[in-house]
Amino acid sequence: MTTSAIREHLREMRFLAGLTDTALHQLAKLVTKVSYAGNQVIFEEGQPRELSAIIHTGAVAVEKQVNGRPVRLVTLGPGDAVGEGILLDELPHGTTARTLAPTEAYVLTKDRVAEMIKEHATLYAALVGRAARAISQRLAATDATLVGRGRTLGFGGARFRIEKDLLGERQVPEDALYGVQTLRALENFPISGTPLREFPSLIEALAAVKEAAALANADLGLLPQELCDAIVRASREVRSGRHHEHFLVDMIQGGAGTSTNMNANEVIANRALEILSDKRGNYARLHPNSHVNLGQSTNDVYPTAVRVALHGEIETLRVALRELAESFSDKGREFAGMMKMGRTQMQDAVPMTLGQEFSAFGHTLLEDVDRLGESLALVREINMGATAIGTGITAAAGYTDQVRRRLSEVTGLDLVTSPNLIEATSDTGAFVQLSGVLKRSAVKLSKICNDLRLLSSGPRAGFGEINLPPMQPGSSIMPGKVNPVIPEVMNQVCFDVIGGDVTVTMAAEAGQLQLNAFEPIIAYRILRSIDQLRRACGVLRTRCVVGITANPDRLRWFVENSIGIVTALVPTLGYSTATLVAKEALESGRGVYDIVLEKKLLSREQLDQILNPSTMV
């Protein structure tokens, strides 16, 4: 790419606004165009500063680790700079920059900064001023996303705009994309500490609903095209991952999800106003309710968005379960030739192979991959157009069909409108069934982990038939002890999912008349359960199952010294003779294998043939 072409791109960058042509030409020779894939880390918190990037296309999230999890501070788009602190100091990065979509950026490396300081001092001074200003603005924007989370404005100072609602006027942080109703919800519902922004799939689904509604209303001549275009563009930015830091309401809230819906309405309205070159909060031109929420109610928006979000979330869980099942099946093939004792009621039963045991683990999980797929059929049905209770009040004629068609186009999902919108607005049966499938999966996973812990117990004074990969020292007092921490954490996730199913059941039952006001806790529990199960399946697979090894000598010793193998000899010796052998083994403490050989009831070759793993079906 030529220097002049780069210069023209740089001229468009908001971060570089006001630079002279000479300065832009000098900078064009110093930067390099870099393409990043989606979800790629540009730099990481704690790493030495090596580069700064000016975004040309795409979107970048700036995140900070809190309790081991990334928290979104701000999202940046074309024209913004990230990592510009390299111009100010040599301290390590205080945040992580991660792309939200395929992104192109002009990168300025540490070496080129040093060259700039030496050769182009005026350019360097101009960029330092812009970096300081950008960082100040970003701190103010970050501050606005932290209001209501147990703190007041700090970085940004007392910069507010005035917004009004039914209850009066309130000061809203000037840098906030949300508005007064979101601010009230932050004050009213400091409950779980889990904000909406931790569920990006739900935010993106809400934006998809708003985009579809705007398009449908424009199709019907109800929304001016200029406003529709701005709402659609803002919604698409949210769907691409931008502005999620402004979705702050607590997942658990009163009002049947109204706070969540209004959070989406306000963010999209204010971003749309910016797109129209207007000020945030100028709702006389574009209003969160009158325009973004046109023809809608929380009572059709919220459940529809949850259902749209669940499509993607269920698929990610199905992938994780399938991969875990395949890992168990791989171990089944690896252990196919190893005989062991099968057990029932914690007692020796009959011989089997270790491969059969692990293959069964894989098969039972694959069954739930199918059950989760079946649940998608129920969440395809939406109630958009129902508005408040299913009668469609305030929605225009033709809106219901048009918004369903538009939402299918936006999401790529084959959605259907419920044949009875009054029933659909009050019924949560699809969520109850899905929650039941999640519980079923959790019960199975927990049982498998119980088995893994038993089979690896000891290792010398327990079963000790398999070895789990050691992950960390197991005791602060007992040297050499290593605990099965990965199966244990999966057990605890499963307990939480099972408890979540009780919550979903109670919330579904507690709805009254034409609406279930408890859908927020239903959505929170189901989305959280899916996310936890998905993460836990990945941890169990990568940090436990793939590293499991077997102890074939111990497996064989149990078989040869168990009374249980006598059952395998019944077809050859007969029930009566086999019973006498079992009785002698019990009384003498000797193994069935040795007694049969001593009494010459069978030869070693015959015994080995009967107990050959290849004969185990």
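Above this text you will find the structure in question.
Fair warning: this is a prediction, and the values are worked out from it, not measured in the lab. (Residues numbered from 1 in each chain as written. Predicted model: local features only at pLDDT ≥ 70, side-chain atom pairs only at ≥ 80, totals over all residues. Heavy atoms only, no water.)

J.: Hey, could you run me through the overall build of the protein chain in this one?
T.: What the protein chain contains, in helices and strands, is 21 helices and 16 strands. Per-residue burial over the protein chain gives 51% buried out of 617 residues. By sequence separation, contacts in the protein chain at least 24 residues apart represent 73% of the contacts at least 6 residues apart. Element-wise, carbon and sulfur atoms account for 53% of the exposed surface of the protein chain, whose accessible area totals about 27100 Å². Charge centroids of the protein chain, computed over 65 positive and 69 negative side chains, lie 3 Å from each other. (Helix = DSSP H or I, 4+ residues; strand = E, 2+ residues; numbered from the N terminus. Buried < 20%, exposed > 50% of the residue type's maximum accessible area, 1.4 Å probe, protein only. Contact = heavy atoms within 4.5 Å. Areas by Shrake-Rupley, 256 points an atom, 1.4 Å probe, with all protein chains shown as cover. Lys, Arg positive; Asp, Glu negative; His and termini not counted. Charge placed at Lys NZ, Arg CZ, Asp CG, Glu CD.)

J.: What's the story with helix α18 (residues 566–573) in this structure? I'm lost.
T.: Val-566, Leu-569 and Leu-573 are the residues of α18 that are buried. Taken around the axis of α18, the buried residues stretch over an arc of 55°, which confines them to a single face. Where α18 is buried, its residues touch α19 (575–588), α20 (592–598) and α21 (604–610). Gly-574 lies just past α18 and shows a positive phi near 90°. (Arc of directions from axis to C-beta.)

J.: Explain the pairing of strand β9 (residues 160–165) to me, please; I cannot follow it from the model alone.
T.: The side chains of a regular strand alternate, first on one face of the sheet and then on the other. Of the two faces of β9, the one lined by Arg-161, Glu-163 and Asp-165 is fully buried and the one lined by Phe-160, Ile-162 and Lys-164 carries no buried residue. Both β9 and strand β10 (residues 168–173) contribute to a ladder of six bridges, which runs antiparallel. Counted as the bridge partner of Asp-165 is Gly-168 from β10. As consecutive antiparallel partners, β9 and β10 are separated by two residues. (Pairing = 2+ DSSP bridges.)

J.: I'm lost on the side chain of Asn-383 in this one. Help?
T.: Inspection of the secondary structure assignment puts Asn-383 in the loop between β13 (381–382) and α12 (399–411). Residue Asn-383 is classed as buried on the basis of its relative accessible area, which comes to 3%. At a separation of 3.1 Å, a polar atom in the side chain of Asn-383 contacts the main-chain carbonyl oxygen of Asn-299. A distance of 3.3 Å separates a polar atom in the side chain of Asn-383 from a polar atom in the side chain of Thr-304. (Polar contact = N/O pair within 3.5 Å; in protein donor to acceptor, adjacent residues only side chain to side chain.)

J.: Is there a simple way to think about unusual backbone geometry in this case?
T.: With the exception of glycine, most residues fall at negative phi, and the peptide bonds are largely trans. In the segment running from Gly-458 into Pro-459, the intervening peptide bond is cis, with an omega of 0°. Its place among the elements puts Pro-459 in the loop between α14 (429–455) and β15 (466–467). The phi torsion at Gln-345 lies on the positive side, around 55°, for a residue other than glycine. By secondary structure assignment, the location of Gln-345 is in the loop between β11 (339–344) and β12 (347–353). For Gln-345, a relative accessible area of 75% translates into the label exposed. Of note in this structure, Lys-600 is not a glycine but carries a positive phi near 55°. Mapped onto the elements of the fold, Lys-600 is located in the loop between α20 and α21.

J.: What am I meant to see in the packing of helix α15 (residues 485–509) against helix α16 (residues 519–543) here?
T.: Axis angle and axis distance: for two packed helices, these are the angle between their axes and the distance between the axes, and together they describe the pair. Direction vectors running N to C along α15 and α16 enclose 165°, while the axes themselves pass 9 Å from each other. In terms of orientation, α15 and α16 fall into the roughly antiparallel class. For α15 against α16, the interelement crossing comes out left-handed. Residues Ile-486, Pro-487, Met-490, Val-493, Asp-496, Val-497, Gly-500, Thr-503, Val-504, Ala-507 and Ala-508 of α15 form the contact with α16, whose participating residues are Ile-521, Ile-522, Arg-525, Ile-526, Ser-529, Gln-532, Leu-533, Ala-536, Cys-537, Val-539, Leu-540 and Arg-543. Of the residues assigned to the contact of α15 with α16, the class counts are 16 nonpolar, four polar and three charged. (Axes fitted to C-alpha atoms, helices over the stretch in contact; angles between N-to-C directions. Parallel < 35°, antiparallel > 145°, perpendicular 65-115°, else oblique. Left-handed = near helix turned anticlockwise from the far one by under 90°. Nonpolar A, V, L, I, M, F, W, Y, C, P; charged D, E, K, R; others polar.)

J.: Explain the sheet that holds strand β2 (residues 41–43) to me, please; I cannot follow it from the model alone.
T.: Strand pairing in a sheet relies on backbone hydrogen bonds. The paired strands run either parallel or antiparallel. With respect to topology, four strands assemble into an open sheet ordered β2-β7-β4-β5, the strand pairing being antiparallel. Sheet topology places β2 and β5 (69–76) at the edges, where each strand pairs with a single neighbour. Here the average twist between neighbouring strands, direction ignored, is 35°.

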